[in-house]
Amino acid sequence: ISAFVISKKDVQVRLNIASVEEVERTARRLRFQLQRVESQASYVERHAEQLYNGIGSVLDDVYRLLLQPLESAITGDKLVIVPHSIVHGLPIHAARDGGEYALDRWEIVYSPGAAIWHAGVQRARMGGGTPPEGIISQQALLMGYPAQGIELVREEVQRLSEILANPLVFTGDDATVQACAQHAPHSGVIHIATHALFRADNPLFSGLLFADGWLFAHDLYDYTLDCYLATLSACRTGAALVEPGDELFGLMRGFLAAGAQSLAVSLWPAADAATLAVMVRFYSNIASGMPRGAALRRAQLETREEYKHPYHWAAFALVGAR
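Here the structure is a predicted model, which means the values were calculated and not measured. All residue numbers here refer to positions counted from 1 along the written sequence of the relevant chain. Restriction of local features to residues with pLDDT of at least 70 applies here, the model being predicted, together with a cutoff of 80 or more for giving and counting side-chain atom pairs; totals for whole chains, interfaces and linings are based on all residues. Only hydrogens and water are set aside when side-chain values are computed; all heavy atoms of the structure are taken into account.

Peer 1: Teacher, can you tell me more about the pairing of strand 2 (residues 11-14) here?
Peer 2: The two faces of the sheet receive side chains in turn, since in a regular strand these alternate between them. Examined bridge by bridge, strand 1 (residues 3-6) and strand 2 share 4 bridges and lie antiparallel to one another. Directly across from V5, in strand 2, lies its bridge partner Q12. The criterion for strand pairing is that DSSP finds at least two bridges linking the strands in question. Strands are runs of DSSP state E lasting at least 2 residues, helices are runs of H or I lasting at least 4, and numbering of each runs from the N terminus. With antiparallel pairing between neighbouring strands as the criterion, strand 1 and strand 2 make up a hairpin whose turn holds 4 residues.

See the structure below:
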């Protein structure tokens, strides 16, 4: 694995920073440690310290493999990570250097491609961008479809509707693909809390579950969005069966191609209560005027005080413009 570190001043190349085999092994260990936290509550409580140390060892290796070789080339405190292949889905923002996480040191956003990220930034500049405080007055489309394992979806949507000034809320049977198609193009914020189906074999058929069926990634190419932020608070369905990150590629590309400036996505099926905590803090920070990247970072740092294990606070990543 090699890396290109691009700044305003120069491009630095770091060849052979890690072997593919070792990163693949680390990714498998990460999936195993995340799945352990999804065990019965009694097991998790009984082995809490062991589980924390187990994933900490993996995240130490993520840092050693992917960030430590680049430290001398990184001069700023804001990073855009463009992962490739097996690096997709690795929580680089949660990589750990001893007791310090990457999130403590840098504000990190991701992009599926450098050209995609650059195009999004240029589009925001041409339009003047949307100041963070400006989204408070824009329409916010909040959609939630509760199901087993995500029973707090309705509460999540309700809490966010109290933060944003102009919410349009659809939950339960009212959360339909038709409603999404009708209102998403006119919304500055789109928040969808539901189950997701990830198709690694055919990313265009990855989808989000609504009351009347599925919204597939290929459907998004018929959308025209102009939103400051779209959040896919979707998890649990099949995420552990394939390489984390790549399974979200279809939905991610679909929303960005449709015109979303930024996309908040989950890298693994985060716990319901922790997701609620992160989302409430995330949107509260945005409503107070913080940029998206800084808002998610602070939300995760604050949630870490309540939920120590990275499974709970590090699941979400921001893709696109900062």
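Peer 1: Looking at this structure, I do not really get the environment of G144. What am I missing?
Peer 2: For G144, the location among the structural elements is in strand 7 (residues 140-144). Residues count as neighbours in contact if any of their non-hydrogen atoms are within 4.5 Å of one another. Aside from chain neighbours lying at most four places away, what touches G144 is V153, V157, F170, T171, G172, A175 and A193.

Peer 1: What am I meant to see in unusual backbone geometry here?
Peer 2: Trans peptide bonds make up most of the peptide bonds, and negative phi angles are found at most residues other than glycine. Here N16, not a glycine, exhibits a phi torsion of approximately 55°, which is positive. Along the chain, N16 falls in the loop between strand 2 and helix 1 (20-37). The class for N16 is exposed, based on a relative accessible area of 66%. Exposure classes here rest on a 1.4 Å probe applied to the protein chains alone. A residue is buried below 20% of its type maximum, exposed above 50%, and partly exposed in between.

Peer 1: Looking at this model, I keep getting lost on the pattern of salt bridges. Mind explaining?
Peer 2: Between side chains of opposite charge, pairing is possible as soon as their charged atoms come close. Only one rule defines a salt bridge in this text: a Lys or Arg side-chain nitrogen within 4 Å of an Asp or Glu carboxyl oxygen. Applying the stated criterion across every chain yields a total of 13 salt bridges. The salt bridge involving R159 is made with E155; its shortest N-O contact spans 3.8 Å. In this pair, R159 and E155 both sit in helix 6 (residues 153-163), 4 residues apart, roughly one turn of the helix. A residue is classified by how much of its surface remains accessible, and R159, at 33% relative accessible area, is partly exposed.

Peer 1: I would appreciate a short explanation of the packing of helix 9 (residues 272-287) against helix 10 (residues 292-306) in the present structure.
Peer 2: Describing two packed helices takes the angle between their axes plus the distance from one axis to the other. Every angle, taken between N-to-C directions, lies between 0 and 180 degrees, and every axis is a line fitted to C-alpha atoms, over only the stretch in contact when it is a helix. The geometry of helix 9 relative to helix 10 is characterised by a closest axis approach of 8 Å and an angle of 140° between their N-to-C directions. Our classification of the angle between helix 9 and helix 10 gives oblique. The crossing of helix 9 and helix 10 is right-handed. On helix 10, the residues touching A274, A277, V278, R281, F282, N285 and I286 of helix 9 are R292, A295, L296, R298, A299, E302, T303 and E306. Throughout, the ten residues Ala, Val, Leu, Ile, Met, Phe, Trp, Tyr, Cys and Pro are labelled nonpolar, Asp, Glu, Lys and Arg are labelled charged, and all others, Gly among them, are labelled polar. Looking at side-chain class alone, the contact of helix 9 with helix 10 contains 8 nonpolar, 2 polar and 5 charged residues. In what follows, roughly perpendicular refers to angles from 65 to 115 degrees, roughly parallel to angles under 35, roughly antiparallel to angles over 145, and oblique to any angle outside these ranges. Working rule for handedness: look at the near helix, and if it is turned counterclockwise from the far one by less than a right angle, call the crossing left-handed; if clockwise, right-handed.

Peer 1: Just to check I follow, could you spell out the side chain of H93 for this structure?
Peer 2: If you trace the backbone, H93 turns up in the loop between strand 3 (78-81) and strand 4 (96-97). Definition of a polar contact: a pair of N or O atoms within 3.5 Å, with one able to donate and the other able to accept a hydrogen when the atoms are protein atoms, and with sequence-neighbouring residues admitted only if both atoms are side-chain atoms. Within polar-contact distance, the side chain of H93 engages the side chain of Y110 at 2.7 Å. Discounting residues that sit within four places of it in the chain, H93 has contacts with Y101, A102, L103, I108, Y110, L267, Q300, A314, F316 and A317.

Peer 1: Can you walk me through the pairing of strand 10 (residues 207-210) in this structure?
Peer 2: In strand 10, alternate side chains face the same way, and those of G207 and L209 on one face and L208 and F210 on the other are all buried. Inspection of the sheet shows strand 9 (residues 189-197) paired to strand 10 by 2 bridges, in the antiparallel sense. Residue pairing in the sheet places L197 in a bridge with G207 of strand 10. Sheet topology places strand 10 next to strand 11 (residues 213-216); 4 bridges connect them, and they run antiparallel. Directly across from L209, in strand 11, lies its bridge partner W214. Counting the residues in the hairpin turn of strand 10 and strand 11 gives 2 residues.

Peer 1: Just checking my understanding: could you explain helix 3 (residues 48-66) for this structure?
Peer 2: An α-helix turns once per 3.6 residues; consequently, residues spaced three or four apart project the same way. Helix length check: helix 3 (19 residues) gives 27 Å between terminal C-alpha atoms against 27 Å at 1.5 Å per residue, within 8%. What helix 3 keeps buried is the set L51, Y52, G54, I55, G56, V58, L59, D61, V62, Y63, L65 and L66. Looking at the buried residues of helix 3, the elements they touch are helix 1, helix 2 (41-46), strand 4, strand 5 (100-101), helix 4 (102-105) and helix 11 (310-313). The span one expects for a helix is its residue count, reduced by one, times 1.5 Å.

Peer 1: What am I meant to see in the packing of helix 6 against helix 9 here?
Peer 2: Interhelical geometry of helix 6 versus helix 9 gives an angle of 10° and a closest axis separation of 10 Å. Looking at the two axes, helix 6 sits roughly parallel to helix 9. Residue-level inspection shows V153, E155, E156, R159, L160 and I163 of helix 6 in contact with helix 9, the latter providing D272, T275, L276, M279, V280, Y283, S284 and A287. The residue makeup of the contact of helix 6 with helix 9, split by class, is 8 nonpolar, 2 polar and 4 charged.

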